[in-house]
Amino acid sequence: MKDEIDNRDERVANLKGLGCSRKRVEDARFTQGKGNYVDDIKLDGMLFGDFVRSPYAHARIKSIDTAAAMEVPGVLAVLTAADLEPLGLHWMPTLAGDKQMVLADGKVLFQGQEVAFVVAEDRFAAADGIELVEVEYEELPVIVDPFESLKSDVVLREDLDPKAPGAHGPRKHPNHIFTWEAGDKAPTEEVIANAEVVATESMYYHRTHPCPLETCGCVASMDKVNGKLTLWGTFQAPHAIRTVVSLISGIEEHNIRVISPDIGGGFGNKVGAYPGYVCSVVASIVTGKPVKWIEDRMDNLMTTAFARDYHMTGKISATKEGKITALHCHVTADHGGFDACADPTKFPAGFMNICTGSYDIPTAYLEVDGVYTNKAPGGVSYRCSFRVTEAVYFIERMIEVLAIELNMDAAELRRINFIKKEQFPYKAALGWEYDSGDYHTAWDKALKAVDYDGLRAEQAQRVADFKAGKTRKLMGIGLSFFTEIVGAGPVKNCDILGLGMFDSCEIRIHPTGSAIARLGTISQGQGHATTFAQILASEIGLPADSITIEEGDTDTAPYGLGTYGSRSTPVAGAATAMAGRKIRAKAQMIAAYLLEVHDNDVEFDVDRFVVKGAPERFKTMKEIAFAAYNQAIPGLEPGLEAVSYYDPPNMTYPFGAYVCVMDIDVDTGVPDIRRFYALDDCGTRINPMIIEGQIHGGLTEALAVALGQEIAYDDMGNVKTGTLMDFFLPTAWEVPNYETDFTVTPSPHHPIGAKGVGESPHVGGVPCFSNAVQDAFRPFGNRHTNMPHDHWRIWRTANELGLHD
Amino acid sequence: MIPASFEYYRPKDMAGVIAILQEHGDEARVLAGGHSLIPMMKLRMAEVPHLIDMQDVGGLSDIEIGPDRVRIGAMVTQSDLIDDAALAKVAPILREAALQIADPQVRYMGTVGGNVANGDPGNDMPGLMQCLDATFVLIGPDGERAVAARDFYEAAYMTAREDEEVLTAVTIPLPKGGYAYEKQKRKIGDYATAAAAVQISKDQNGCSAASIAMTNLSDTPIFSEAAGAALVGTSVDDAALKAAVAAMLNDIDPTEDNRGPIAFKKYVAGVILRRAIERAWSRA
């Protein structure tokens, strides 16, 4: 008995709770090929649907002839907009308050747009059928540039009243979607006009794509006998999809069951609703059979939600000593043919207004203009909270440009402008209230770890050697300090389609002391089944290995808004802790009853309640669980269950300090990443191993975006990067060794102090890689060049700076 | 990404292969490793109603090292090339080049025969074989014939192979001197932005022979006789390197693509060739 009291460390270790690098429970099935993804779902009589897609970026549809396709053996139906119109399903609402064609209604607005849906007995017959659908197009002028779009007489969206306001207010032009503002315009302009130093720069954050390993898809199965629709799919937000399906189909929500099975990566690409979902549901209703739709890689890259495509112009002012006084930012946002961004309703440019970054900038103004063009719709947060990569890239580039203007070291410029530890909670000029931070400590730790002064000395020597003809390689030191804003979010200001962005957890403790917890989120590789069990283990004193985490089935999981924007830990993780605390509160009453003392005379200790001052008198949580089901306790209902719906009081604000050291071959444009150091502060660390894995993944996607990954269009609106030959997806070969580090500054308002981390490395990584390239050329007069920094663009920079013969 | 339907054949011998080719002409194609043909069929860029799988046809997977020549069967994979220690000794450039093709998974499947016969200007082996003055062995209804690698390529995907012929082997005179295969690419698995194959010999007077071929800088591989000639008789100094690069640039005709514009490709071609020559010369 005494051993059992004294071995507290062992009892803590047995729980595998917070702070434990517990191995991922998901990996047994993933590493053995036993995952269950949507394409693994096979139902009796299941049909397969696939799209006829537009080869043109802008064209009128004169006619569609499906006769030849219908002759293909195995082809059962070809749906067009004309078939969907009587059901009112030829258009669907987008998450951004716009509407989008499900199947081309008279015209197409981007290459790859869905024109007809061929339903066949298998995917091979569907592919043959697609070839034989004859569509007659009349080509229209193509607009791929948003600035040109705002001047053009060509109206892209003929379905909209050009004079009528959009979902986010007045529109300036038929191709204009919205103007969104934050901050104070006049005071900002006044400060800048009178400033000692002003740096101005324009930058384009190119269009790219999240490119998850698994593409999007679904299986729709309408049971005509009981009227129930089951929809399996790659949904990052299954409950929201259920509500959307109900709203657009008219099927009552209780008759719809949405299931997200295992998902092979999302990164924002799987948040929105796609025409494939609607067509599959309709096809299942029409045929009475289950219908599967699975994208191929080209479909995914060319037509599902892209990311970025922000043209940003900034002005930043400072004193001669480098104290920043104001920031002005204008964005022209290319949204493609429909506004299908996945942002909270009140934020059509996401959280772009975090663009004052980690700095104490007293005055700021942001204006974003959304524009239609002949490109695919989307605009999702690719491994970032809503538009935060754009914001952080913008400010981290503006800092570098200001450092050039001031002829100052960029690390020092950051240091003298950081928000100070004692200023938290800090109210930023563009509206957000940062919860906690200690930027100076993190920055000093990072610079010391990489021997920053030593690196600068080495770089100076390299420049001298280069000028003396001793080397053709330059050295770049990339710096970035980022503040993320994650955990959307407080219902008072965050909703999607009117659904508040709370999240949820429901726990059932079984009599023998194990448990199941269900959440409104859905893992796409983040390891929720591992980490949420750890949160609970520490809260309720049962081992993580005895806790099953289940997500993704709307019939069983409590309502939640899903997983994206690093919101799972800040919101659902908080709900999990709060539900655990409800369990613990009831457990305390049960323990007190069993120990025959007053409720307040027992206290929680790791895995048990003990009588205060008498540690030998205790009841373990396992014992309490059994008692909950076999004792008639006066005043208490039997059972041990809890549910919590958590509406966070604020966002959380993870931050980090990154340094990249890069050698650049001036003659070939080939960069070689010598070193990458990443310090992350995500508050309380739940599973350090998973955090490290997240950081490696996010940095690799950052490397991709900074150094080559783009969705490029030609002037005719043709996608030039529609396969993985040209769309850059780095392999182990291209990826450097990452050094990870951390500080811990807990969130003061989160129940366990955690902040979310999945997207930080991407947010901080992109500017860090980009700054390294730009820094290499700074001694030769470079100020700014746009990403992606692929070989030829780096070569072009060197060429334009006169570094070639 | 699903090919149009096709007939699949798996003959046991070459006579069976040729019989099918005779029957279907250009509607039939042979399949070796499949890493060029199958993606094109999936994209429906190549329509192949009759696909002849070569894997049951024996006798095409040997590497034979003779006194004067190396003979490599058409079904030898890139991985086989890399693993053959004896071959690495007599013709090390083959291993150096094969290691720069795609990734290990592709190299386990991709074959030398498929790589040289397909006529894809992005493939590395055609340029390498031109550098080495290889000969391709073709078999058809009228028996065998040999075609020099330097005469084989007519345009992208157009070669001297007749529709009824199969490329069965590559033979290479034992290379002499120093070697280098230098390739710039955007990532593992990519075709070259520019690649150079160089084989170079020296005697007491300096460079005695040099052979240079370039990859993915025209619609065929480019054997630049003039570039090699610019080095012969020199000490491979800066002036000779410049002359060789200038001669090569005169022979290539790159086009703009996602790797970059023409000016960039030409510049990089020059840099890559210079590096290849320097490395080969250091080994000569």
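Residues numbered from 1 in each chain as written. Chains lettered and ligands numbered in written order. Predicted model: local features only at pLDDT ≥ 70, side-chain atom pairs only at ≥ 80, totals over all residues. Heavy atoms only, no water.

Draft legend 1. How the structure looks around the overall build of chain B. Tallying secondary structure elements over chain B gives twelve helices and 14 strands in all. Against the 2.2 N^0.38 benchmark of 19 Å for 284 residues, chain B shows a C-alpha radius of gyration of 19 Å, consistent with a compact globule. In terms of its C-alpha atoms, chain B occupies a principal-axis envelope of roughly 55 × 45 × 30 Å. A buried classification covers 55% of the 284 residues belonging to chain B. Residue pairs at least 24 apart in sequence account for 62% of intrachain contacts in chain B once pairs closer than 6 positions are excluded. Put simply, chain B shows about 11700 Å² of open surface, and 49% of that area lies on carbon and sulfur atoms. Here chain B contributes 27 positively and 39 negatively charged side chains, and the mean placements of these two sets differ by 9 Å. (Helix = DSSP H or I, 4+ residues; strand = E, 2+ residues; numbered from the N terminus. Rg over C-alpha atoms; globule rule 2.2 N^0.38 Å. Buried < 20%, exposed > 50% of the residue type's maximum accessible area, 1.4 Å probe, protein only. Contact = heavy atoms within 4.5 Å. Areas by Shrake-Rupley, 256 points an atom, 1.4 Å probe, with all protein chains shown as cover. Lys, Arg positive; Asp, Glu negative; His and termini not counted. Charge placed at Lys NZ, Arg CZ, Asp CG, Glu CD.)

Draft legend 2. The arrangement of the overall build of chain A in detail. Secondary structure summary: chain A contains 21 helices and 32 strands in total. Computed over C-alpha atoms, the radius of gyration of chain A comes to 28 Å, within 12% of the 28 Å expected from 2.2 N^0.38 for 805 residues, which places it in the range of a compact globule. Its C-alpha atoms put chain A at 85 × 75 × 50 Å along the principal axes. The buried share of chain A, taken over its 805 residues, is 64%. Counting contacts in chain A only where the partners sit at least 6 residues apart, residues at least 24 apart contribute 80% of the total. For chain A, the exposed area adds up to about 27900 Å²; of that, 51% sits on carbon and sulfur atoms.

Draft legend 3. Inspection of the UniProt feature "domain: FAD-binding PCMH-type" (unreviewed entry) in chain B at higher detail. UniProt feature "domain: FAD-binding PCMH-type" (unreviewed entry): in the numbering of this structure it lies at residues 1-177 of chain B. Across residues 1-177 of chain B, helical content stands at 33% and strand content at 25%; the span's end C-alpha atoms are separated by 46 Å. (UniProt positions renumbered as here; feature names shortened; annotations may be inferred.)

Draft legend 4. Structural detail: the sheet that holds strand β20 (residues 473-483) of chain A. Residue and element names in this part refer to chain A. Read across the sheet, four strands follow the order β20-β30-β31-β32 without closing on themselves; strand pairing throughout is mixed. Of all strands in the sheet, those with a lone pairing partner are β20 and β32 (738-742), marking the two edges. On average, each strand axis in the sheet is inclined to that of its neighbour by 10°, with strand direction left out of account. The pairing of β20 with strand β30 (residues 655-665) spans eleven bridges and is antiparallel. The residue of β30 that forms the bridge with methionine 475 is aspartate 663. (Pairing = 2+ DSSP bridges. Axes fitted to C-alpha atoms, helices over the stretch in contact; angles between N-to-C directions.)

Draft legend 5. Structural detail: the domain arrangement of chain A. All names here are of chain A. By domain assignment, chain A separates into domain 1 (2-35 + 503-646), domain 2 (38-140 + 215-263 + 270-303) and domain 3 (307-487 + 651-800). At the junction of the two partners, domain 1 supplies 21 residues and domain 2 supplies 19 residues. For the pair domain 1 and domain 2, the summed buried surface comes to about 1500 Å²; carbon and sulfur atoms form 49% of the total. The largest contributions to the domain 1 side of the interface with domain 2 come from Gln524, Thr554 and Tyr559, which together make up 38% of the buried area. Scanning the region where domain 1 abuts domain 2 turns up three salt bridges. Here aspartate 553 makes a salt bridge to arginine 257, at a shortest N to O gap of 2.6 Å. Summed over the shared surface of domain 1 and domain 2, the number is twelve residue pairs in polar contact (both at pLDDT 80 or more). In terms of residue class, the side of domain 1 that touches domain 2 is built from seven nonpolar, ten polar and four charged. (Domains from an automatic or database assignment. Buried area = accessible area lost by both parts, 1.4 Å probe. Salt bridge = Lys/Arg side-chain N within 4 Å of Asp/Glu carboxyl O. Polar contact = N/O pair within 3.5 Å; in protein donor to acceptor, adjacent residues only side chain to side chain. Nonpolar A, V, L, I, M, F, W, Y, C, P; charged D, E, K, R; others polar.)

Draft legend 6. Examining the pairing of strand β16 (residues 324-336) of chain A more closely. Residues and elements named next belong to chain A. Among the 13 residues of β16, eleven are classified as buried, and the element is accordingly described as predominantly covered. As paired elements, β16 and strand β17 (residues 363-372) share ten bridges and run parallel to each other. Looking at β17, one finds that valine 331 is bridged to valine 368.

Draft legend 7. The nonpolar core, seen in detail. Residue and element names in this part refer to chain A. Judged by nonpolar contacts, the single largest core of 183 residues is most densely connected at Phe117, Phe351, Met352, Val368, Tyr434 and Phe769. In contact with valine 368, not counting residues within four places along its chain, are Phe178, Thr179, Trp180, Tyr310, Val331, Ala333, Ala349 and Met352. Ranked by size, the runner-up nonpolar core spans 46 residues in total, among them Ala591, Ala625, Leu640 and Ile752. (Core = buried A, V, L, I, M, F, W, Y, C linked by side-chain atoms within 4.5 Å.)

Draft legend 8. Geometry of the packing of helix α11 (residues 238-251) of chain B against helix α12 (residues 262-283) of chain B. Residues and elements named next belong to chain B. α12 packs onto α11 with a crossing angle of 135° between their chain directions and a minimal axis gap of 10 Å. By the angle between their directions, the pair α11 and α12 is classed as oblique. Handedness of the α11/α12 crossing: right-handed. Only Lys266, Ala269, Gly270, Leu273, Arg274, Ile277 and Glu278 of α12 make contact with α11, whose side of the interface consists of Asp238, Leu241, Lys242, Ala244, Val245, Met248 and Leu249. In terms of residue class, the contact of α11 with α12 is made up of eight nonpolar, one polar and five charged. (Parallel < 35°, antiparallel > 145°, perpendicular 65-115°, else oblique. Left-handed = near helix turned anticlockwise from the far one by under 90°.)

Draft legend 9. Fine view of the UniProt feature "domain: Aldehyde oxidase/xanthine dehydrogenase a/b hammerhead" (unreviewed entry) in chain A. Residues given the UniProt feature "domain: Aldehyde oxidase/xanthine dehydrogenase a/b hammerhead" (unreviewed entry) here are residues 32-141 of chain A. Helix makes up 16% of residues 32-141 of chain A and strand 36%, and the two end C-alpha atoms of the span are 51 Å apart.

Draft legend 10. How the structure looks around the environment of glycine 114 of chain B. All names here are of chain B. Relative to the elements of secondary structure, glycine 114 occurs in helix α7 (residues 112-117). Between the alpha carbons of glycine 114 and glycine 260 there is a distance of 27 Å; along the sequence they are 146 residues apart. When near neighbours in sequence (up to four residues on either side) are disregarded, glycine 114 contacts Ala74 and Asn123.

Draft legend 11. Summary view of the interface of chain A and chain B. Taken together, the contact between chain A and chain B spans 29 residues of the former and 23 residues of the latter. Taken together, the two surfaces of chain A and chain B that pack against each other cover about 2200 Å², and 58% of this comes from carbon and sulfur. Among the residues of chain A in contact with chain B, Met725, Trp792 and Trp795 of chain A are the three that bury the most area, contributing 25% of the side total. Put simply, chain A and chain B have four salt bridges between them. Salt-bridge contacts for glutamate 131 of chain A lead to arginine 44 of chain B; the nearest nitrogen and oxygen are separated by 3.9 Å.

Draft legend 12. Expanded view of the pattern of salt bridges. Taken as a whole, this structure holds 73 salt bridges over all chains when the rule is applied. In this structure, aspartate 605 of chain A engages arginine 11 of chain A in a salt bridge whose closest nitrogen and oxygen atoms are separated by 3.0 Å. Pair noted here: aspartate 605 of chain A is in strand β26 (residues 602-605) and arginine 11 of chain A is in helix α2 (residues 8-15), with a separation of 594 residues, a long-range link. The exposure class assigned to aspartate 605 of chain A is buried, which follows from its relative accessible area of 15%. Judged by relative accessible area, arginine 11 of chain A falls into the buried class, the value being 5%. Note that aspartate 238 of chain B is salt-bridged to arginine 274 of chain B, the shortest N-O span being 2.6 Å. With aspartate 238 of chain B in helix α11 and arginine 274 of chain B in helix α12, this residue pair connects regions lying 36 residues apart in the sequence. Look at aspartate 238 of chain B and you get partly exposed, because its relative accessible area is 39%. For arginine 274 of chain B, a relative accessible area of 24% gives the class partly exposed. One continuous salt-bridge network, built from bridges that share partners, spans Asp726 of chain A together with Arg186, Asp190, Asp257, Arg259 and Lys265 of chain B.

Draft legend 13. A look at the domain arrangement of chain B. By domain assignment, chain B separates into domain 1 (7-53), domain 2 (63-173) and domain 3 (178-283). When each unit is reduced to the centre of its C-alpha atoms, the spacing between domain 1 of chain B and domain 3 of chain B is 35 Å.

Draft legend 14. Broad picture of the packing of helix α21 (residues 791-800) of chain A against α12 of chain B. Running from amino to carboxyl end, α21 of chain A crosses α12 of chain B at an angle of 85°, the nearest separation of the two axes being 10 Å. Taken together, the axes of α21 of chain A and α12 of chain B are roughly perpendicular relative to one another. Contact residues: His791, Trp792 and Trp795 of chain A in α21 of chain A; Ala263, Phe264 and Tyr267 of chain B in α12 of chain B. Classifying every residue of the contact of α21 of chain A with α12 of chain B by side-chain character gives five nonpolar, one polar and no charged.

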